[in-house]
Amino acid sequence: MSDIIYALLAIAMVLTIVSLLVPLAERLRLPHTVLLAIAGMALGFMGTWIASSEHAFGVLGDVFHGLTRLERGTDVFLPLFLPPLLFTAGLTIDVRRLFDEIFAVLLMAIVAVLVCIAGVAGAVHLATGIDVMVCLLLGAIVSTTDPAAVIGIFRDVGAPKRLSILAEGESLFNDAVAIAAFGFCIGFLVRQGNPDIAHAIGSDLANPFVDFVREFIGGIVFGFAMARASMVILPRLGDSDAAIASVTVSLAYASYVIADHYLHISGVVAVVMAALTVAAYGPTHLHPRRWASLRQLWTQLDFWSNCLIFILASMLAASVLGQITWLYVAALLAVAFGAFVARILVVFGMLPLLELSRLVQPVSTKYKVILVWGGLRGAVTIVLAMVAASDPRLPGNVREFAAVLATLFVLFTLFVNATTLGVVMRVLGLNKLTRLELALRDRVLALSRINVAHQMQQIIREHNVRVEGIDVDPISAGDAAIEAPPPELALDLDERLTVGLVTLCTKERELYLDQFEQQTLSRRMVARLMARAGRLVDAVRDRGAEGYQQTIRDFALPDRAFRFGLWLQRRFGIERVLTERLADRFEMLMVQLDVLPQLEAFNRNSIADLLGSDAEARLSEVIHDRRELVDHSLHALTLQYSGYAEAIRDRQLERAAIRFEAAEYARRLRESIIGREVYADLRQQLNARRDAIADRPPLHLGLELAAMIARVPLFATLDREAVAEVANRLRPVVALPEEKIIAAGGPPNAMYFIAAGDVTVVRQGSRIILKEGDFFGEQGLLDNRPRNADVISDGYCHLLMLHRRDFDRMLASRPEVRTEIEAVAARRTAPMPSPTAD
């Protein structure tokens, strides 16, 4: 019992010390982990001195006795500390933005880990002659990265958000890959005894490799299943932050233990996958306050885990520093050389290949340098080192070599890389305000002073007093009070447009949050729209106004999920995925249509005086172009699903009405006009109405098909029975912008009716635009000849496709339709009359 008391006392002291180090780290502008390492080593030296002293130190001696007990309990480090570290990293990442950078993240996470393991193993083996498999184990331990310092720098210098996502995603996934590789290497060492690389590539290679793949994939499936089961429970826990937090803590530890101990698959991968699944679904299934509280709890758990790990590991390192030989010094330098050369190869060698293939947006050379030099090692590396040190299956010299060297390398990155990151920033010029930021600062300062003067003048007028020092009317002075900036800070129009667009994107995010707070926008939609606004900011910072406009055009195009749903609908007639994506598109377009007028007003009222009237006019044009694009896209959908647009709007209005009524009832309760029983009954009625509109109105492709057919003039005269017959033969098709629907020389297998949108017929250099109600492709079916023209969709176009077999049957049963189609075809193929002289 006394050992437990001493351990609790030690933990209490450590938590107090690490908390006091937080403001000190901010003051010194150093990563918190650097001070943790220093404090841990100081405690280690002090503990060694106290243990060797003959004096009794009372409570202080008991504290260090407790710390000693904690150091010896390394067998609990992996199951106790690893789940919260991994779960927090996955929970706090923006999953939607992560998938935007997925190729770069996978490169940095998987390829970089393998390159680092190989680089470290090769360098250490050449420098020390240690067995290659032991060196590979060491490489796996030190291949994990801690992104905290790099993310902090990117945030401070205003780097694109995608770079922070890249650093976070890299750390999260390479932790999983490195830990899997760590287990793979330990398995080899245990099976081989004294491993030799030539002997390792033997008959036993297949089994560990198959086990590695099985454990990795099994961890993904199991982690996802556990998280989805938890997401069924969490929304039903009401407003209890404690209950929600308890379920997620249970999820993290249960995923790890069950996967690792009972199913014999990767517990690490299971925890990472569970965290990513909760991060993806949590914001749309939990109230914002519940979600913020949950993230705060996991941030706290991560803080405690990191601090305890660093303190204990640094104490352990302090106890062995006096026993370090030149072998360890040479090996440490080899590890540092191998790790940073590997990182340079990935960041400056492989990442540019993804940039050239346009799988990722270009990354500035300055930021690449930060990614390389900021490749610090952190708590996960220390946990793996301690696990290796406590594994009785490994030889004693292997355990000591891997654990000590990995811990020393962590300290090396903290005391060398982390402390010099500020110097690197100054050399790269990242610590200074850019010319754009300086000019903006001066302009904001001048405008703020004028506004203050305006407000002071108003106070003077209202109180009919004269204030010493104010002799002129600031209102009449106007913009004359703003001095012209020096030539080196004068911004051209493109630079001012960039500032204006970033400001508009930030305002757009605020407007989406306002709608969410007003309960007129669903959690799912606000997450998607906020992610889009973030991508717009990155595009503006990278490529200015051109990047903004190109990104907006990309948003107008269907995404991968939409294309997948489109493929399912065209190939198998499965409509569910497509209808969900169409409904998402409907709601997002309608929300943007509400937000864009507010952005126009904000541009007129707040940006004009900051950036000038010429910039305001250009920004107004950009917003106008975007509004036209949204109008066009929404029009194409509304023509096909007119009733659905009204249903979405009614749902938004009902949500707003419920919110206003709830506020009114709460006010009446505060004023004691109604009692709590009446208030509870009114709230119950509101909750019933809220539940009734909780789910989005369903959108059914088939239900709108008859309306689409009725909009085609060819079928307008048909009776209801005839329309139903035609509907059975026609198939709705969504054509994407710039899609070649028909290619010249292709087989005549179908004709198309335009229900919404425009297409362009290109034949022998001439271009003919067909609009809603027109049809095309009939000539090939009538003549049974290859296509003689290209037909290209001008935008988001909805068509009704009639296959050749159904075409023949319909024309046989509906002679009036056949007559009309043949007449149109004859007019299209008739030669143009030659001009006659008067």
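Note that the coordinates shown come from a computational prediction; the quantities given were computed from them, not determined experimentally.

Undergrad: Help me out: how do you make sense of the overall build of the protein chain in this one?
TA: When you go through the protein chain residue by residue, the secondary structure sums to 32 helices and 8 strands. Across the protein chain, every contact between residues at least 6 apart in sequence was considered, and the portion connecting residues at least 24 apart equals 80%. As displayed, the protein chain has an accessible area near 40600 Å², and 59% of this comes from carbon and sulfur atoms.

Undergrad: Before we go on, may I ask you to explain the pairing of strand S7 (residues 790-793) in this structure?
TA: Moving residue by residue along a regular strand, the side chains alternate between the two faces of the sheet. With 2 bridges connecting them, strand S2 (residues 740-742) and S7 associate as antiparallel partners. Following the sheet pairing, Ile742 is matched in S7 by Val791. Pairing of strand S4 (residues 759-763) with S7 involves 4 bridges; the strand directions are antiparallel. Along S7, the bridge assignment pairs Val762 with Asp790.

Undergrad: How should the sheet that holds strand S3 (residues 750-756) be read in this particular structure?
TA: Working definition: the strands of a sheet are paired by backbone hydrogen bonds and lie parallel or antiparallel to each other. Spatially, the 4 strands line up as an open sheet ordered S1-S8-S3-S6, and their pairing is antiparallel. Since the sheet does not close on itself, it has two edges, and those belong to strand S1 (731-735) and strand S6 (775-776), each with one partner. Sheet analysis places S3 next to S6, joined by 2 bridges and oriented antiparallel. Bridging across to S6, Phe753 finds its partner in Phe775. Strand contacts of helix H31 (residues 804-813): S3 and strand S8 (797-803), with the helix running at about 75 degrees to S8, the strand carrying the most contacts.

Undergrad: Is there a simple way to think about the confidence of the model for the protein chain in this case?
TA: A low pLDDT score tells you not to read the predicted coordinates there in detail. Averaged over all residues, the pLDDT of the protein chain equals 77, while 81% of them reach at least 70. Here residues 194-206 scores under 50 on pLDDT; set against residues more than four positions off or in separate chains, the count is 14 contacts. Low confidence marks residues 470-482, where pLDDT is under 50. Its contacts with residues over four positions away, or in another chain, come to 20 contacts.

Undergrad: Would you explain the pattern of salt bridges in this entry?
TA: Side chains that differ in sign of charge can pair as their charged atoms come close. Enumeration according to the criterion identifies 12 salt bridges in this entry. Between Arg627 and Glu600 there is a salt bridge; the shortest N-O distance is 3.5 Å. With Arg627 in helix H25 (residues 613-640) and Glu600 in helix H24 (residues 576-611), this pair connects stretches of sequence that are 27 residues apart. Ionic pairing is found between Arg667 and Glu671, a salt bridge with its closest N-O pair at 2.9 Å. Overall, Arg667 belongs to the partly exposed group, its relative accessible area being 29%. Linked by salt bridges that have partners in common, Glu664, Arg667, Arg668 and Glu671 make up one network.

Undergrad: Mind showing me how you'd approach the environment of Val734 here?
TA: Relative to the helices and strands, Val734 resides in strand S1. Given the relative accessible area of 5%, Val734 is considered buried. Measuring from C-alpha to C-alpha, the distance between Val734 and His798 comes to 4.7 Å, with 64 residues separating the pair along the chain.

Undergrad: In this structure, what is going on with the packing of helix H21 (residues 493-517) against H24? I would like to understand it.
TA: One can describe the packing of H21 onto H24 by two numbers: an axis separation of 9 Å at closest approach and a directional angle of 135 degrees. As the angle between them shows, H21 and H24 are arranged oblique. Read as a crossing pair, H21 and H24 show a hand that is right-handed. Residue-level contacts link Arg496, Val499, Gly500, Thr503, Leu504, Lys507, Glu508, Leu511, Tyr512 and Gln515 of H21 to Val591, Gln592, Asp594, Val595, Gln598, Leu599, Phe602, Asn603, Ile607 and Leu611 of H24.

Undergrad: I tried to follow the sheet that holds S4 on my own but got confused; where do I start?
TA: Taken in spatial order, the 4 strands make up an open sheet running S2-S7-S4-S5, and their pairing is antiparallel. Of all the strands in the sheet, the pair left with one neighbour each is S2 and strand S5 (766-770). Taken over all neighbouring pairs, the strand axes of this sheet differ in orientation by 30 degrees on average, direction set aside.

Undergrad: So what exactly am I meant to see when it comes to unusual backbone geometry here?
TA: Most of the time, phi is negative for any residue but glycine, and the peptide bond is trans. The phi dihedral of His264 is positive, around 55 degrees, even though this residue is not glycine. In this fold, His264 is placed in the loop between helix H12 (241-262) and helix H13 (267-285). In the Ramachandran plot, Ser672 falls in the positive-phi region, its phi being about 60 degrees despite a non-glycine side chain. According to the relative accessible area criterion, Ser672 is exposed, its value standing at 62%.

Reading guide: rules and limits
Here, residues in each chain are numbered from 1, in the same order as that chain's written sequence. Residue-level local features of this predicted model are given only where pLDDT is at least 70; pairs of side-chain atoms are given and counted only at 80 or more, and the full residue set underlies all totals for whole chains, interfaces and linings. Side-chain figures throughout are based on the complete set of non-hydrogen atoms in the structure, without hydrogens or water. Secondary structure elements are defined from DSSP: runs of H or I of at least 4 residues count as helices, runs of E of at least 2 residues count as strands, and each element is numbered from the N terminus. Note on contacts: a residue pair qualifies if any of its non-hydrogen atoms lie within 4.5 Å across the two residues. Surface exposure here means Shrake-Rupley accessible area, sampled with a 1.4 Å probe, where a residue is shielded only by the protein chains that are shown. At least two bridges found by DSSP between two strands is the condition for calling them paired. Axis definition: a line fitted to C-alpha atoms, limited for helices to the stretch in contact. Angles are taken between N-to-C directions and run from 0 to 180 degrees. Values of pLDDT, ranging from 0 to 100, describe the predictor's confidence in every residue of the model. Note on definitions: salt bridges are taken to be side-chain nitrogens of Lys or Arg within 4 Å of carboxyl oxygens of Asp or Glu. Three exposure classes are used, based on accessible area relative to the maximum for each residue type with a 1.4 Å probe and protein chains only: buried under 20%, partly exposed in between, and exposed over 50%. The cut-offs work like this: below 35 degrees is roughly parallel, past 145 is roughly antiparallel, 65 to 115 is roughly perpendicular, and the gaps in between are oblique. A crossing counts as left-handed when the near helix is turned anticlockwise from the far one by less than a right angle, and as right-handed when that turn is clockwise.

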